[in-house]
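Chain and residue survey
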Amino acid sequence: MGLCEIHIDELIAKPNTTQDYWLDIKDIKNQSKGKLHIQLTLKDKKTLEKWFWYGFVRHFDINNDGLISREELAALLASIESDFKEEEVADMFDKFDANKDGVISYDEFYTLVSASDNPLKSKINNLLIWETALIVYDRDDDSIGSIVLQKRFCDTVAKKGKHKTADDRILVQDRETGTILTEKIPSYIQTAMRLMYATGGGKWVVDKGAVRKILKHLTYQQGKKYSTKESKREIPVFIKFHKLNMDEALNSNPDSYATFNEFFYRKLKPTVRKVTAPEDPKIAVSPADCRLHVFPSLPIAQELWIKGKAFGLPSLLQDPKLEKQYEGCSIVIARLAPQDYHRFHVPVDGIIAERKNPLGNAYFTVNPIAIRNVIDVYSENKRVISLIKTKEFGDVLFIAIGATMVGSIQHTVEVGATVKKGDEYGYFAFGGSTVLLLFEKGRIEFDEDLLLNSSKQLETLVKVGQSLGKAK
């Protein structure tokens with residue numbers, strides 16, 4: 001159409017001030033083609049950096065008091081994949097806390113990160129600050145933390161090869177092909193695990209219980225972000241990294257989703273997931289596309305897989321009547337990774353007889369490495385218990401469990417509804433998540449291949465509708 005120009009000297013003369021311009025547009029013959037209206041702001045380096053760091057640290061200020069506690073600093077460091085040892089984190093806190101009052105003000109935080117010996121410069125450099133500014137320029141600085149964490153996640157996606165150690169890998173066997181696959185752990189799950197366990201400041205965060213509040217806060221923040229229209233820009237990156245087959249989606253056009261969350265809990269075409277023996281109510285099926293374990297009894301599950309100190313029916317169900325009813329029960333653990341289809345389905349024919357009020361308020365990761373550690377993840381995370389009454393299997397408990405970055409458990413079927421196995425029952429918003437199924441003692445005989453892999457502590461990659469076992 002044409003060209004227009006503005007002299008940089010005009011911007012430099014008024015730094016940190018928004019200036020309004022109407023610029024003449026001229027073609028190559030110097031003929032006027034109209035005017036371009038723009039607003040420009042030139043921010044000097046110090047102003048930009050201060051804006052960035054204040055916005056970033058505010059993301060981890062859980063109670064919005066303008067102060068950062070030891071636990072909140074540990075969360076911040078874990079979120080940027082810091083490899084600081086516990087004693088280094090404690091020493092860093094003391095350096096930040098210039099007036100030695102036991103907390104870090106935003107000013108104290110900025111004073112240290114703006115110094116030449118900034119301990120975080122290897123993790124957050126000027127390029128990341130400038131890229132964040134370009135994204136957030138027209139929003140308030142409350143979104144800086146979310147942008148930075150997501151930007152680091154996408155950089156990890158782009159670089160790949162990030163997960164180098166055995167602890168960073170999860171092995172699963174594809175049920176259809178028999179192939180052993182390596183599942184990579186996304187950055188935000190690594191962040192949660194650093195908070196929960198021994199890396200960096202994680203130990204004393206868990207000991208004080210503050211990690212629950214931190215993860216709940218981060219989950220809320222991320223959930224809010226992924227429900228904005230701006231979040232849809234992350235959809236193509238996510239699809240490419242996880243090599244998702246969008247031909248399976250009912251809506252296969254990635255650009256048509258309004259938000260990332262809308263894409264995340266997308267529906268599939270009815271024909272792409274076959275239900276095993278749909279007319280035989282004696283066959284139970286997988287409730288989700290998932291990485292699955294089956295155990296004939298809870299003690300076996302605890303011996304081989306679930307290592308939470310306090311895990312058991314009392315802590316999981318918090319209902320003495322149900323606890324007695326499911327004594328000696330069989331259990332299915334269906335873990336949904338972020339790349340999995342995130343709607344869950346009914347595993348058996350029956351009636352949704354009851355759905356209890358949500359229990360728990362934590363958002364620990366349901367990553368296998370976490371489950372095989374000391375925290376009682378299943379009994380502390382937010383969860384919703386439903387009871388399905390059946391003729392063939394007796395009463396079956398369906399427990400939908402939220403996890404790190406899963407801010408929403410939604411059910412799409414009302415209590416009292418008659419359901420068939422394979423029917424949709426609900427969905428999870430962004431993140432990993434788990435469905436537990438409890439069968440009364442002696443009511444199900446699990447498929448041999450699932451039992452064999454579970455006995456070897458190997459998850460089986462299954463699809464919704466595939467067989468779990470048959471009624472006894």
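Refer to the preceding data block for the structure.
Residues numbered from 1 in each chain as written. Predicted model: local features only at pLDDT ≥ 70, side-chain atom pairs only at ≥ 80, totals over all residues. Heavy atoms only, no water.

Some details on the pattern of salt bridges
Applying the stated rule across the entire model yields 18 salt bridges. For aspartate 449, the salt bridge identified is with arginine 175, shortest N-O distance 2.8 Å. With aspartate 449 in helix H18 (residues 448–455) and arginine 175 in the loop between strand E5 (169–174) and strand E6 (180–184), the pair connects residues that are 274 residues apart, well separated along the chain. Taking the relative accessible area as the measure of exposure, arginine 175 reaches 23% and is therefore partly exposed. For aspartate 319, the salt bridge is made with lysine 356, and the minimal N-O distance between the two is 3.0 Å. Here aspartate 319, found in the loop between helix H14 (313–317) and helix H15 (320–325), pairs with lysine 356, found in the loop between strand E11 (350–355) and helix H16 (368–371); they are 37 residues apart in sequence, far enough to count as distant. Accessibility expressed as a relative area gives 17% for aspartate 319, which makes it buried. Judged by its relative accessible area of 23%, lysine 356 is partly exposed. Taken together, the shared-partner salt bridges connect Arg175, Asp447 and Asp449 into one network. (Salt bridge = Lys/Arg side-chain N within 4 Å of Asp/Glu carboxyl O. Helix = DSSP H or I, 4+ residues; strand = E, 2+ residues; numbered from the N terminus. Buried < 20%, exposed > 50% of the residue type's maximum accessible area, 1.4 Å probe, protein only.)

Structural notes on H18
Among the residues making up H18, those that are buried are Leu450, Asn453 and Ser454. One face of H18 carries all of its buried residues, which in axial projection span an arc of 100°. In the stretch just after H18, glutamine 457 is the one whose phi turns positive, near 60°. (Arc of directions from axis to C-beta.)

Spatial relationships are all this shows, so hold off on functional conclusions.
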